[in-house]
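Given next are the chains, with one letter for each unit.
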Amino acid sequence: MSGPLEQDDLALLALVAQGLTVEAVGRRMLLSERTVRRRLRTVCSALEVSTPIEAVVWAVRRDLI
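Cut-offs used in this document
Residues numbered from 1 in each chain as written. Predicted model: local features only at pLDDT ≥ 70, side-chain atom pairs only at ≥ 80, totals over all residues. Heavy atoms only, no water. Helix = DSSP H or I, 4+ residues; strand = E, 2+ residues; numbered from the N terminus. Rg over C-alpha atoms; globule rule 2.2 N^0.38 Å. Contact = heavy atoms within 4.5 Å. Areas by Shrake-Rupley, 256 points an atom, 1.4 Å probe, with all protein chains shown as cover. Buried < 20%, exposed > 50% of the residue type's maximum accessible area, 1.4 Å probe, protein only. Salt bridge = Lys/Arg side-chain N within 4 Å of Asp/Glu carboxyl O.

K.L.:
What exactly am I supposed to notice about the overall build of the chain here?
P.N.:
Scanning the chain for helices and strands turns up four helices and zero strands. Counting from the amino terminus, helix and strand elements in the chain follow one another as α-α-α-α. For 65 residues, the compact-globule formula gives about 11 Å, and the C-alpha radius of gyration of the chain, at 11 Å, lands near that figure. Its C-alpha atoms put the chain at 25 × 20 × 20 Å along the principal axes. Contacts spanning at least 24 positions in sequence make up 48% of the contacts within the chain whose residues lie at least 6 apart. Summed over its atoms, the accessible surface of the chain is roughly 4,300 Å², and 49% of this surface lies on carbon and sulfur atoms.

K.L.:
What should I look at first to understand unusual backbone geometry in this one?
P.N.:
Apart from glycine, the bulk of residues carry a negative phi angle, and the bulk of peptide bonds sit in the trans form. At glutamate 48, a position not held by glycine, the phi torsion is positive, near 60 degrees. Within the element layout of this structure, glutamate 48 appears in the loop between helix H3 (33–47) and helix H4 (52–61). The class of glutamate 48 is exposed, set by a relative accessible area of 75%. Positive phi is not limited to glycine here, since aspartate 63 has a value of about 55 degrees. As for its position among the elements, aspartate 63 is in the segment after H4. Exposure remark for aspartate 63: the relative accessible area of 69% places this residue in the exposed category.

K.L.:
Whenever I open this one, the pattern of salt bridges confuses me. Can you help?
P.N.:
Two side chains with opposite charge may pair up if their charged atoms get near one another. As enumerated under the stated definition, the model contains three salt bridges in all. Residue arginine 39 pairs with aspartate 9 through a salt bridge whose shortest N-O separation is 3.9 Å. Linking arginine 39 in helix H3 with aspartate 9 in helix H1 (residues 7–17), this pair joins segments that are 30 residues apart in sequence. Residue arginine 27 pairs with glutamate 23 through a salt bridge whose shortest N-O separation is 3.3 Å. Residue arginine 27 and its partner glutamate 23 are located together in helix H2 (residues 22–29), separated by four residues, close to a single helical turn.

Note that every value here comes from positions in space, so none of it alone points to a role or purpose.
Structural data, given as structure tokens:
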């Protein structure tokens, strides 16, 4: 685990960082769009940020993605 994030969370953020839509992220990770949205909310909450983009910035600044 990398602080508050699991490897799957980092993979999710890496796909968001590439500009993929929720639908595309779901296809890549074999998850429903609903699950992707829920996981993004969970990640944002864990990092105490408001948006997935802020979560991506958090991970990039720490060289996690």
